Amino acid sequence: MEKIKVVIIDDEILARNLLKEYLLDHENFTLIAECKNGIEAIGVINALQPDLIFLDIQMPGKTGFEVLQEIDFFPKIIFSTAYDTFALQAFEVNAIDYLLKPYTKVRFENALYKIKIEANYKPDNIINLLDSISTKTYSKTVLVQKGTKLISIFAEDIIYIEALDDYAMIYTKDDSFLANKGIGVLHSKLNPDLFIRVHRSFVISLNHIAEINKDIGGYQIITSNGKKISVSRSYSNAITKLKL
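Only a predicted model underlies this, so the values are computations on that prediction, with no experimental measurement involved.

(A) The arrangement of unusual backbone geometry in detail. With an omega dihedral of -5°, the bond running from Lys101 to Pro102 counts as a cis peptide bond. The topology assignment puts Pro102 in the loop between β5 (97-100) and α5 (105-118).

Now the structure itself:
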């Protein structure tokens, strides 16, 4: 029987030990690693690709939200923290649950139960169900940098994304934001029925296309905020599929 792979991320050894103790009663969950800071967590998540992480927020090196901004693989998340001020932000990144320390074993059990419910839990095929859900669900929000803070913006507000070396700039009607992910990673997390890659450096929201002009050189898109973006030949199929 396949098991759900779990990583615990917390800078407090007592908190990690408590989670490990509670997990012992759940044979369908197996602990594959534990991390004591955010920097370590990024490498572990990308390398081991766990199904579920228990994630603290205030940690040395990187906060829990900074970890989420820099990972390439996105597992299910249960936050485990002593701070209640981050609850809203936690659910904006689609966390399964938010365990406020100190929590009881019953509260922990309820959090795991949500994992099982979300996946329409069956012991013999839970991994397949989790994979199926993850491939059909796309991010409704994106974490971005705003000054010294991380904030969450709605995907529906994104007009276009522009590559910026290893990062990307996200443009909305009234502002622009730096994302600590490349354009390819961002595009993979967004609904392909709504966001199309039209150039190596640009992803555009179909809901924010004002005009598409065609000439001898190919296609040019004008977005709802007036940005003119030329469609490269290698991505021209994305435009022709729109049945203009």
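(B) Focus on the packing of aromatic side chains. On inspection of all chains with the given rule, the structure shows 6 aromatic pairs. Ring centres of Tyr22 and Phe108 lie 5.3 Å apart, and the angle between their planes is 50°; this geometry places the pair in the tilted category. With Tyr22 in helix α1 (residues 13-23) and Phe108 in helix α5, this pair connects stretches of sequence that are 86 residues apart. Take Tyr22 and Phe108: they sit in the same class, and that class is buried. Ring centres of Phe65 and Phe79 lie 5.3 Å apart, and the angle between their planes is 40°; on these two criteria the pair is classed as tilted. Taken together, the positions of Phe65 in helix α3 (residues 64-70) and Phe79 in strand β4 (residues 76-81) put the pair 14 residues apart, joining distant regions of the chain. What makes Phe65 buried here is its relative accessible area of 4%. An aromatic cluster is present here, built from Tyr22, Phe54 and Phe108 joined pairwise through their rings.

(C) Focus on the sheet that holds β5. The sheet built from 5 strands is open, its strands ordered β2-β1-β3-β4-β5 with parallel pairing. Unpaired on one side and paired on the other, β2 (29-35) and β5 mark the two borders of the sheet. The mean angle between the axes of side-by-side strands here comes to 20°, regardless of whether they run parallel or antiparallel. Here strand β3 (residues 52-55) pairs with β4 via 4 bridges, running parallel. Paired with Leu55 across the bridge in β4 is Phe79. Along the sheet, helix α2 (residues 38-48) makes contact with β1 (4-9), β2 and β3, crossing β2 at roughly 145°.

(D) Summary view of α2. Restricting attention to buried positions, one finds in α2 the residues Gly38, Ala41, Ile42, Val44 and Ile45. The secondary structure elements touched by the buried residues of α2 are β1, β2, β3 and α3. Structurally, the start of α2 carries an N-cap: the backbone nitrogen of Ile39 is 3.2 Å from a side-chain oxygen of Asn37. Of the residues flanking the end of α2, it is Gln49, one or two places downstream, whose phi is positive at about 50°.

(E) Structural detail: the confidence of the model for the chain. Averaged over the chain, the pLDDT score is 83; the fraction of residues at 70 or greater is 86%. In the model, residues 120-136 has pLDDT below 50 throughout and makes 20 contacts with residues more than four positions away in sequence or in other chains.

(F) Examining the environment of Tyr98 more closely. Here Tyr98 is to be found in strand β5. Residue Tyr98 is classed as buried on the basis of its relative accessible area of 8%. Between the C-alpha atom of Tyr98 and that of Asp84, which follows or precedes it by 14 residues, the distance is 8.8 Å.

(G) Up close: the sheet that holds strand β14 (residues 218-223). Judged by pairing direction, the sheet is antiparallel, and its 3 strands sit side by side in the order β13-β14-β15 without closing on themselves. Across the chains shown, the open sheet's two edge strands, defined by having one partner strand only, are β13 (209-215) and β15 (228-230). Taking the axes of each pair of neighbouring strands and ignoring which way they run, one obtains an average angle of 25° across the sheet. Where β14 and β15 come together, 3 bridges link them in antiparallel fashion. Bridging across to β15, Gln220 finds its partner in Ser230.

Thresholds, definitions, all that
Residues numbered from 1 in each chain as written. Predicted model: local features only at pLDDT ≥ 70, side-chain atom pairs only at ≥ 80, totals over all residues. Heavy atoms only, no water. Helix = DSSP H or I, 4+ residues; strand = E, 2+ residues; numbered from the N terminus. Phe/Tyr/Trp six-rings, centres within 6.5 Å; stacked < 30°, edge-to-face > 60°. Buried < 20%, exposed > 50% of the residue type's maximum accessible area, 1.4 Å probe, protein only. Pairing = 2+ DSSP bridges. Axes fitted to C-alpha atoms, helices over the stretch in contact; angles between N-to-C directions. Contact = heavy atoms within 4.5 Å. Polar contact = N/O pair within 3.5 Å; in protein donor to acceptor, adjacent residues only side chain to side chain. pLDDT = per-residue confidence, 0-100.

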